[in-house]
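Each chain, written out:
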Amino acid sequence: MKRSGGSETAKRRAGERAVDAVDDGDVVGLGTGSTAAHAIRALGRRVDAGLDVSGVATSLQSRELAREAGIPLTSLDAVGSVDVAIDGTDQFDRETGALIKGGGAAHAREKVVDASADRFLVVADPSKAARGLDASVPVELLPAARRPVESAVRDLGGEPTLRAAERKDGPVVTDNGNLVLDCAFGALSNPGALATDLARVPGVVAHGLFVDLADAVLVGTEDGVETRSYGSE
């Protein structure tokens, strides 16, 4: 579920700085969420000024926002990969760059696009930074597999909670027609191992652990942007 916190100024600074890394001719992965939305709007302004790019949306939300911003859209099927992906996060480990995503229930498509990118830039505000990951891990699953997946999560030491929709009865349903479990594991001593274990559970479509994917995290503040580089950046 979404984590609150962080000023709009900090989010806007991070999103705008990430867009500075986009070059003419790039295919850009367009993330989902409030911080990624600032990046999409900033990219739209650059397109309006003459930048030639195309975008790959990670959700219905980001697709509609990109259309409003005037960004030409394509699909991952059409292009195969993206040059740079810009996406937000619910929590990131300052030391390793590992992420927990899925507060907006778009992490399945986000992971496919972000993992395909030559450069994956994460935009965040200071409230998302942590020393080690301890937020709940979203798990998208096939509706018919709810009970077995819940049991498997408990076997892995987690406590699953079916995510309820806001302002309507019933659970959250993703853009892919699936359900989401928010799984509390406490402090994660080995996010990579948990990511592997969750991925092996039959019925799991995608989990919100993004390990060894981020090239840099751009943290907006009231005064500027702090860049933390990981991997090859």
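Overview of the structure.

1. Focus on the pairing of strand β8 (residues 137–141)
Consecutive residues of a regular strand have side chains that alternate between opposite faces of the sheet. Across the 5 residues of β8, 5 count as buried, placing the element largely inside the fold. The side-chain alternation of β8 yields two buried faces, one formed by V137, V139 and L141 and the other by P138 and E140. In the sheet, β8 pairs with strand β10 (residues 179–184) via 5 bridges, with the strands oriented antiparallel. Bridge pairing links E140 to V180 in β10.

2. Examining the environment of V137
One can find V137 in strand β8. Sequence separation between V137 and R163 is 26 residues; the distance between their C-alpha atoms is 12 Å.

3. Quick word on unusual backbone geometry
Its identity is not glycine, yet A105 carries a phi of approximately 60°, on the positive side. Topologically, A105 is positioned in the loop between β5 (99–100) and α5 (107–116). Residue classification places A105 among the buried residues on the basis of a relative accessible area of 11%.

4. Digging into the sheet that holds strand β14 (residues 225–229)
On the basis of which strands lie adjacent, the open sheet formed by 6 strands has the order β2-β1-β3-β6-β13-β14 and mixed pairing. Each having just a single partner strand, β2 (54–57) and β14 make up the two edges of the open sheet. The average undirected angle you get between the axes of adjacent strands in this sheet is 20°. Pairing between strand β13 (residues 216–220) and β14: 5 bridges, direction antiparallel.

5. Describing the side chain of R163
Among the secondary structure elements, R163 is positioned in the loop between β9 (159–162) and β10. The class of R163 is buried, set by a relative accessible area of 6%. Polar side-chain contacts of R163 include one of 3.1 Å to the backbone oxygen of G102.

6. What about the sheet that holds strand β11 (residues 204–207)?
Pairing between the strands of a sheet is mediated by backbone hydrogen bonds and can be parallel or antiparallel. With antiparallel pairing, the 4 strands of this open sheet are ordered in space as β9-β10-β8-β11. Looking at which strands have only one partner, the edges of the open sheet turn out to be β9 and β11. With strand direction ignored, the average angle separating the axes of adjacent strands in the sheet is 30°. Here β8 pairs with β11 via 3 bridges, running antiparallel. By the bridge assignment for β11, L141 is matched with V204. The strands that α5 touches are β8 and β11; relative to β11, the one it contacts most, it runs at about 65°. Against the sheet, helix α7 (residues 191–199) makes contact with β8 and β11, and its axis sits at roughly 160° relative to β11, the strand it touches most.

Analysis parameters
- Residues numbered from 1 in each chain as written.
- Predicted model: local features only at pLDDT ≥ 70, side-chain atom pairs only at ≥ 80, totals over all residues.
- Heavy atoms only, no water.
- Buried < 20%, exposed > 50% of the residue type's maximum accessible area, 1.4 Å probe, protein only.
- Helix = DSSP H or I, 4+ residues; strand = E, 2+ residues; numbered from the N terminus.
- Pairing = 2+ DSSP bridges.
- Axes fitted to C-alpha atoms, helices over the stretch in contact; angles between N-to-C directions.
- Polar contact = N/O pair within 3.5 Å; in protein donor to acceptor, adjacent residues only side chain to side chain.
- Contact = heavy atoms within 4.5 Å.

Distances and angles like these do not, on their own, reveal function.
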